[in-house]
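Per-entry structural report
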Amino acid sequence: MDAPVQSTRQLVRMRGRSYVAFVFTPVVPIMDWLGEIDTTLARSPGFFVGKPVVLDLSALDLSQSAVSHLVANLEQRNIRVLGIEGVSPEHLTKSLPPLLTGGRPCGLPQSEPQKPQPKPAKPKATSLLLDQPVRSGQSIVFAEGDVTVLGSVGSGAEIVAGGSIHIYGTLRGRAMAGINGNSSARIFCQRIEAELLAIDGYYQTAEDIGESLRSRPAQAWLEDDALKITALN
Amino acid sequence: MAKVLVVTSGKGGVGKTTSTAALGAALAQAGQSVVVIDFDVGLRNLDLVMGAERRVVFDLINVVQGVAKLSQALIRDKRLENLWLIPASQTRDKDALTDEGVRRVINDLRSKFDWILCDSPAGIERGATLAMRYADEAVIVTNPEVSSVRDSDRIIGMLDSKTAKAERGERVEKHLLVTRYDAARASRGEMLSIDDILEILATPLLGIIPESQDVLRASNVGCPVTLNSTNSAPSRAYMDAVRRLMGESVPMTVPVERKGLMNRLLRRRAA
């Protein structure tokens, strides 16, 4: 079983590709310039990670050892230099990055990953409608706005709202409106037999609520830091 | 299709167990096959009220924990052959009940019976929540007094949120059963009127069971009142309630004691 061995010549393909690199142009004194780099790194330690960096030394006249020293200093800061521009070739040893020519200036690419555009959020509901009676032991908390109850609120139940509270049945439990400091919130109910009414922290218990109001439609509001309750009819 | 009915109240001593036994017996008398389950683990009573306490071998906990088969825990009533009881354990407590075990037991019973009546313990803890967990319908037992009514309100809220049906977005059908009602005292304002109760609880009325000595007497002899004294006022009220449960429309009245002349004379002599 001799399969014909066909030697295929591997083609070496060359392609051109261009990258955008950061170009550092050190200025004298070099130590101060390195200090600037350090401040940048202190602000965002990963700023140069994974980014190609090219040194442009055309404005300086550095000896070979000075170039090596500079590159080593940058490497200490985890900045790897891809190539060097603007020096004469004899200044570069084999251990130094290669000489680059023909660079053209361009805008820097967006360094930060694009933040996902926040979805156009659904406008937050500013009122809550309950079409069932609120039973004893249930607690409805809605800090975002008004609460409307179509049924009754049982004894031992509570409604807590950032805005006003509207109850189209009998209020036998507790109603606390304007909890986030909204002193213009009000409480309305078709029939008041409440255990407690509160607006913005000012409250009245069942005992404080006038006997003449009992079992009538009523509203409560704040006036000069005092909770007022009147019949609606 | 079997219906799972929980008899519940929140408050204790309002007549859940008595009502479970009476409704179960009345349903069985109407030709339905019925099982009543005692969920009051640790404080079982339904076996006494049903007169089956001397025949208890296995109980609900044994079945839930897989120690006994369902058929071993089912006790057939001596008087009605289509009425069965699963007693609770008296030695364990409610923590021995598991959600999964209860679900399995109820599912098994669904294929065997027309009605599964769950007698809930008082309170709102594990025993009560598991008794209502897989219910299709609920009978809320309420006495005409404020504390009982408020506890019932709490239980109705739980039926609307904690049951398997509620979690699926369906509704447990709720019925209100007012027990120990005394028309004379209600008219004098000494207890809440039916209108007051309905206004507070906003739940359809299943029946009004009048306060009567017959109920206590029946419990003490271990016989559901609907079997023990079929013509008594509470018995007739329970029978009407059962007809409403089965979908008949029966006008709502408060049955009163029928006192014959002879009866009155005898009672006077006895006093």
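The following paragraphs examine the structure supplied in this document.

Moving on: the pairing of strand β5 (residues 139-142) of chain A. All names here are of chain A. On β5, burial follows the alternation: I140 and F142 on one face are buried, whereas S139 and V141 on the facing-out side are not. Note that β5 and strand β7 (residues 158-161) share 4 bridges and pair parallel. Across the sheet, the residue bridging to S139 is E158, located in β7.

In this section: the interface of chain A and chain B. Contacts between chain A and chain B engage 14 residues on the former and 11 residues on the latter. The three residues of chain A that bury the most area against chain B are R135, S136 and R172 of chain A, which together make up 58% of that side's buried surface. Summed over the shared surface of chain A and chain B, the number is 4 salt bridges. Its salt-bridge partner being E199 of chain B, residue R172 of chain A comes within 2.6 Å of it at the nearest N-O pair. Along the contact surface separating chain A from chain B lie 8 residue pairs in polar contact (both at pLDDT 80 or more). Split by residue class, the side of chain A that touches chain B holds 2 nonpolar, 8 polar and 4 charged.

Residues and elements named next belong to chain A. Taking 1.5 Å as the rise per residue, helix α1 (residues 30-43) with 14 residues should run 20 Å; its terminal C-alpha atoms sit 20 Å apart, in good agreement. Turning to α1, its buried residues number three or more, namely I30, W33, L34, I37 and L41. Buried residues of α1 fall within an arc of 100° about the axis and therefore sit on the same side. Every exposed residue of α1 that faces more than 90 degrees away from the buried side is listed here: M31, D32, E36, A42 and R43. Of the surrounding secondary structure, the elements contacted by the buried residues of α1 are β1 (22-24) and α2 (64-76).

So, how was this worked out
- Residues numbered from 1 in each chain as written.
- Chains lettered and ligands numbered in written order.
- Predicted model: local features only at pLDDT ≥ 70, side-chain atom pairs only at ≥ 80, totals over all residues.
- Heavy atoms only, no water.
- Buried < 20%, exposed > 50% of the residue type's maximum accessible area, 1.4 Å probe, protein only.
- Helix = DSSP H or I, 4+ residues; strand = E, 2+ residues; numbered from the N terminus.
- Pairing = 2+ DSSP bridges.
- Contact = heavy atoms within 4.5 Å.
- Buried area = accessible area lost by both parts, 1.4 Å probe.
- Salt bridge = Lys/Arg side-chain N within 4 Å of Asp/Glu carboxyl O.
- Polar contact = N/O pair within 3.5 Å; in protein donor to acceptor, adjacent residues only side chain to side chain.
- Nonpolar A, V, L, I, M, F, W, Y, C, P; charged D, E, K, R; others polar.
- Expected span 1.5 Å × (residues − 1).
- Arc of directions from axis to C-beta.

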